[in-house]
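Listed below are the residues making up each chain.
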Amino acid sequence: MTLTAKESGTTREITFGQAINEALAEEMRRDPTVFIIGEDVAEAGTPFKVLSGLVKEFGTQRVIDSPISEAGIAGIGVGAAMTGMRPVVDIMFGDFLTLTMDQLVNQAAKIHYMSGGKLKVPLVLRTTLGASRRSAAQHSQSLHAWLSHIPGLKVVVPSTPYDAKGLLKSAIRDDNPVVFFEDKMMYQLKGPVPAAEYTIPLGVADVKRAGSDITFVATSSMVHVALAAAESLGGSGINAEVIDVRTTAPLDKQTIIASVKKTSRAIVIDEGYERYGVTAEIASVIADGAFYYLDAPVKRMGAMDVPVPFSPVLEDQTVPTAEAVAEMAKELCGRL
Amino acid sequence: MARTAKKPAKKPDKQPAAAKDERWLHFYRQMLKIRLFEEEVNQLYLGAKMPGLAHLYIGQEAVAVGVCEALRQEDYITSTHRGHGHCLAKGASLDKMFAELLGKAAGYCRGKGGSMHIADQDTGNLGANAIVGGSAGIATGAAMSIKMRGTDQVAVCFFGDGALGQGLLYETMNMASLWKLPVLYVCENNQYNEYTHFSETTAGEVTSRATAFGIQTESVDGQDVRTVHVTAQRLADRARRGDGPAFLECLTYRFQGHHVGDIDRSYYRSKKEEEEWKTQRDPVTLLADWLEKNKLADGKLFRRIENEVATEIKDAVNFALNAPYPQAEEVDQDVFA
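A quick note: this is a predicted structure, and the numbers were derived from the prediction, not measured.

Novice: Please clarify how the overall build of chain A should be interpreted in this entry.
Specialist: Helix and strand content of chain A: 11 helices and 14 strands. Taking the principal axes of its C-alpha atoms as reference, chain A extends roughly 60 × 45 × 45 Å. Put simply, chain A has 336 residues, and 57% of those count as buried. Residue pairs at least 24 apart in sequence account for 80% of intrachain contacts in chain A once pairs closer than 6 positions are excluded.

Structure (structure tokens):
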């Protein structure tokens, strides 16, 4: 059941990181088969401190510090998930997904299908995405498109504390492998989160801002870029709608298409590389589902197709900005 | 076809008193079942009745049977692309095996897995795996789950010498040793990484790779099912008691090619070498010799067992040949649970 913050009675302002922490703690309390494994997840609570305090409540038997062996812990997660547990594997940086790919792509994603529906892999793999942390090319990528490409995997890209908590709880309860991407720049972002328990189903997009003139379809960090762009367009008389897809797989095509049919224009914004990226898939969904309603070509804005550079002057050019989105919107709406 | 041996190649190992002699007859039947199953698979391939290829287990039967007979139904195994033997030894039924190999709906995976992906949760088989070494994580994770759930199951990871080249194996052995997980890493060293002799790909000693992690390690004659079994039993009992993982290298030989289509093998190994193994080191023959020598079986009994197994195989393959294919609309079912 989805509750909005308003409907839920008591709400608090908590950070994105706290929302993740709460979701894990609640699920570990309700289900003894849930455990966490990863590098520096216990006493350190991860370098981002997102898991702080969990080891105190659940002990080192359920919050397990692993060696620096991403493939190994992903594989152990798969095997544990197949045999009665619900592991939450922590992969510190999304860039390190490269090391887990066989376990995710060839094992986790395919086991249910290959076994004719007999075996299940209720695994959650949490990792991060997002640039602009001055961390250079091996700690800044947003590789969610890779996994969204693979049948059998679900991929979550939350943008708010409220969504992060509700979606992570659903991911843990899901009987399929779910890869959960957290924007590491968003861990300190605050937002309203109900004190009461709630979950958000995977595969349902959310209209973050209603509008009539253009649709911004965005993921994760780029939802905030889209929202900022939408606000900045008020003076131009352009009323933008912002759709947060929340999960790239499954993708809520219906909500996206319905919005674009209403607004007739769309920009798709995502922090993954633009080439062959999430933006390409969503643009194609729009072209297919709303072609006769379009008044302008569907535009895509992704990360620049370069390895993420270190120097701020260089790095800041690689990620879509609210200004760039607003400029593009004006162009599409003929207001330049 | 006579399975009785002409010349025993090696002295039988001494047996512990606990091992009941008549049990070895069951081992013989299990190994023969795998042998005849695989011979039938080859016939299905040659007769163009089987889609795709298969990797035959002929010559290695003592490993699967010796190890799996040390396990309980609820224990887990993970298998390899050369996995039919493991599946059968863990209790898979012949008809569902053949049906899967033929892509039929009655197969273990409803025809979605095929030869390299047979899984059977009812017998603890977490699946054959077509990525070399790819199941090291699954087996180790199953052992982690066993430990967390507090049961006395064990998990066995079967893999070949080729998997010694994969990093995942070492990552997971490290964790299994650190956390004393009840997992047996069974390296079936059949000496060939596909078409390359393992000595060309494997530096140092095989077993020292496991001892480096502080893992209990044994290396045995993989053609001698009794030795394999007694050793596997000891290591499994040890793991069950909470004493941690073990690594068991079984020296064996792939009598046939890498897969059913690998006919001309002269560029990577000699006919002479193959003949030596087939005539002197056949695990089925070696056990038959021992049974005969110890007066536990005679030619008559062997013939009876062979007839019975052959009939089972024939019935199973006929079942599979006559079974329907999956419905076309099943193609996108079971992508998600």
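Now that the structure has been shown, the text picks up again.
Novice: What exactly am I supposed to notice about the overall build of chain B here?
Specialist: From N to C terminus, chain B includes 11 helices and seven strands. By the compact-globule yardstick of 20 Å for 337 residues, chain B fits well, its C-alpha radius of gyration being 19 Å. When the backbone C-alpha atoms are referred to their principal axes, chain B occupies close to 55 × 50 × 40 Å. Out of the 337 residues in chain B, the part that is buried amounts to 53%. Considering only intrachain contacts with a sequence separation of at least 6, the fraction spanning at least 24 residues in chain B is 77%.

Novice: Is there a simple way to think about the packing of helix α7 (residues 220–232) of chain A against helix α11 (residues 322–332) of chain A in this case?
Specialist: When two helices pack together, their arrangement is given by the angle between their axes and by how far apart the axes lie. Residues and elements named next belong to chain A. Packing of α7 against α11 leaves a shortest axis separation of 8 Å and a crossing angle of 55°. In terms of orientation, α7 lies oblique with respect to α11. At the point where α7 passes α11, the crossing takes the right-handed sense. Each of Val 225, Ala 226, Ala 228, Ala 229 and Ser 232 in α7 lies in contact with α11, whose residues at this interface are Ala 322, Val 325, Ala 326 and Ala 329. In terms of residue class, the contact of α7 with α11 is built from eight nonpolar, one polar and no charged.

Novice: For this particular structure, what's the right way to read the pairing of strand β7 (residues 246–251) of chain B?
Specialist: The two faces of a sheet get side chains in turn, since along a regular strand they alternate between them. All names here are of chain B. For β7, a buried count of five out of six residues is recorded, marking the element as mostly surrounded by other parts of the structure. Pairing geometry for strand β3 (residues 183–189) and β7, over six bridges, is parallel. Directly across from Tyr 185, in β7, lies its bridge partner Phe 247. Note: strand β6 (residues 216–221) against β7, six bridges, orientation parallel.

Novice: Explanation requested: the nonpolar core in the structure shown.
Specialist: As a rule of thumb, nonpolar side chains are buried together in soluble globular proteins. Core analysis: the largest hydrophobic core is formed by 203 residues, its most contacted members being A:Phe216, A:Ala226, A:Ala329, B:Val156 and B:Leu184. It is helix α1 (residues 23–46) of chain B that contributes the most residues to this core, 10 residues altogether. The two domains that each donate at least three residues to this core are domain 1 (13–194) and domain 2 (206–331) of chain A. In contact with B:Val156, not counting residues within four places along its chain, are B:Val67, B:Leu71, B:Asp75, B:Tyr76, B:Ile77, B:Ala139, B:Leu184 and B:Val186.

Novice: It is not clear to me how the packing of helix α4 (residues 94–101) of chain B against helix α11 (residues 299–322) of chain B should be interpreted in this structure. Could you clarify?
Specialist: All names here are of chain B. Running from amino to carboxyl end, α4 crosses α11 at an angle of 45°, the nearest separation of the two axes being 8 Å. Relative to α11, the element α4 is oriented oblique. At the point where α4 passes α11, the crossing takes the right-handed sense. Of the residues in α11, those touching α4 at Leu 94, Asp 95, Phe 98 and Ala 99 are Glu 312, Ile 313, Ala 316, Val 317, Phe 319 and Ala 320. The residue inventory of the contact of α4 with α11, partitioned by class, reads eight nonpolar, no polar and two charged.

Novice: Where do I start with the domain arrangement of chain A in this structure?
Specialist: A common way to state how big an interface is: give the accessible area lost once the parts meet. Residues and elements named next belong to chain A. Assigned domains of chain A: these are domain 1 (13–194) and domain 2 (206–331). Centre-to-centre separation of domain 1 and domain 2, based on C-alpha positions: 26 Å. With 27 residues of domain 1 in contact, the opposing surface of domain 2 contributes 25 residues. Every element with two or more residues in the side of domain 1 that touches domain 2 is listed here: α5 (144–148), β6 (154–156), α6 (161–173) and β7 (178–183).

Novice: Even after reading the chapter, I still don't get the environment of B:Pro326, so can you show me in this structure?
Specialist: All names here are of chain B. Position of Pro 326 relative to the elements: it lies in the segment after α11. Separated by 220 residues in sequence, Pro 326 and Ala 106 have C-alpha atoms that sit 8.2 Å apart. Apart from the residues lying within four places of it in its own chain, the contact partners of Pro 326 are Ala 105, Arg 110 and Gly 111.

Novice: I keep staring at the interface of chain A and chain B and nothing clicks. Help me out?
Specialist: Listed as interface residues are 35 residues of chain A and, on the opposing side, 34 residues of chain B. Only α3 (70–82) and α4 (101–114) of chain A provide two or more residues apiece to the side of chain A that touches chain B. Sort the elements by how many residues they give to the side of chain A that touches chain B and α3(A) lands first, with 10 residues.

Novice: I keep staring at the environment of A:His144 and nothing clicks. Help me out?
Specialist: All names here are of chain A. In this fold, His 144 is placed in helix α5. His 144 sits in the buried class, given 27 other C-beta atoms within 10 Å. For the pair formed by His 144 and Met 186, sequence separation is 42 residues and the distance between their alpha carbons is 16 Å. The residues contacting His 144, other than those within four sequence positions of it, are Leu 129, Val 155, Val 157, Phe 181, Thr 248, Gly 272 and Val 278.

Novice: Sorry, what's going on with the sheet that holds strand β9 (residues 206–209) of chain A here?
Specialist: The pairing of strands in a sheet happens through backbone hydrogen bonds and is either parallel or antiparallel. Residue and element names in this part refer to chain A. Judged by pairing direction, the sheet is mixed, and its five strands sit side by side in the order β9-β11-β10-β13-β14 without closing on themselves. On the outer flanks of this sheet lie β9 and β14 (299–303), each paired with one strand and no other. Within this sheet the neighbouring strands show an average axis-to-axis angle of 25°, counted without direction. Strand direction decides the pairing type here: strand β10 (residues 214–218) and strand β11 (residues 240–244), joined by five bridges, are parallel. The partner of Ile 214 across the bridge, within β11, is Ala 240. Sheet contacts for α11: β10, β11, β13 (266–273) and β14; angle to β14, the most-contacted strand, approximately 170°.

Conventions and cut-offs
Residues numbered from 1 in each chain as written. Chains lettered and ligands numbered in written order. Predicted model: local features only at pLDDT ≥ 70, side-chain atom pairs only at ≥ 80, totals over all residues. Helix = DSSP H or I, 4+ residues; strand = E, 2+ residues; numbered from the N terminus. Buried ≥ 20, exposed ≤ 12 C-beta atoms within 10 Å, placed from the backbone. Contact = placed C-beta atoms within 7 Å. Rg over C-alpha atoms; globule rule 2.2 N^0.38 Å. Axes fitted to C-alpha atoms, helices over the stretch in contact; angles between N-to-C directions. Parallel < 35°, antiparallel > 145°, perpendicular 65-115°, else oblique. Left-handed = near helix turned anticlockwise from the far one by under 90°. Nonpolar A, V, L, I, M, F, W, Y, C, P; charged D, E, K, R; others polar. Pairing = 2+ DSSP bridges. Core = buried A, V, L, I, M, F, W, Y, C linked by C-beta atoms within 7 Å. Domains from an automatic or database assignment.

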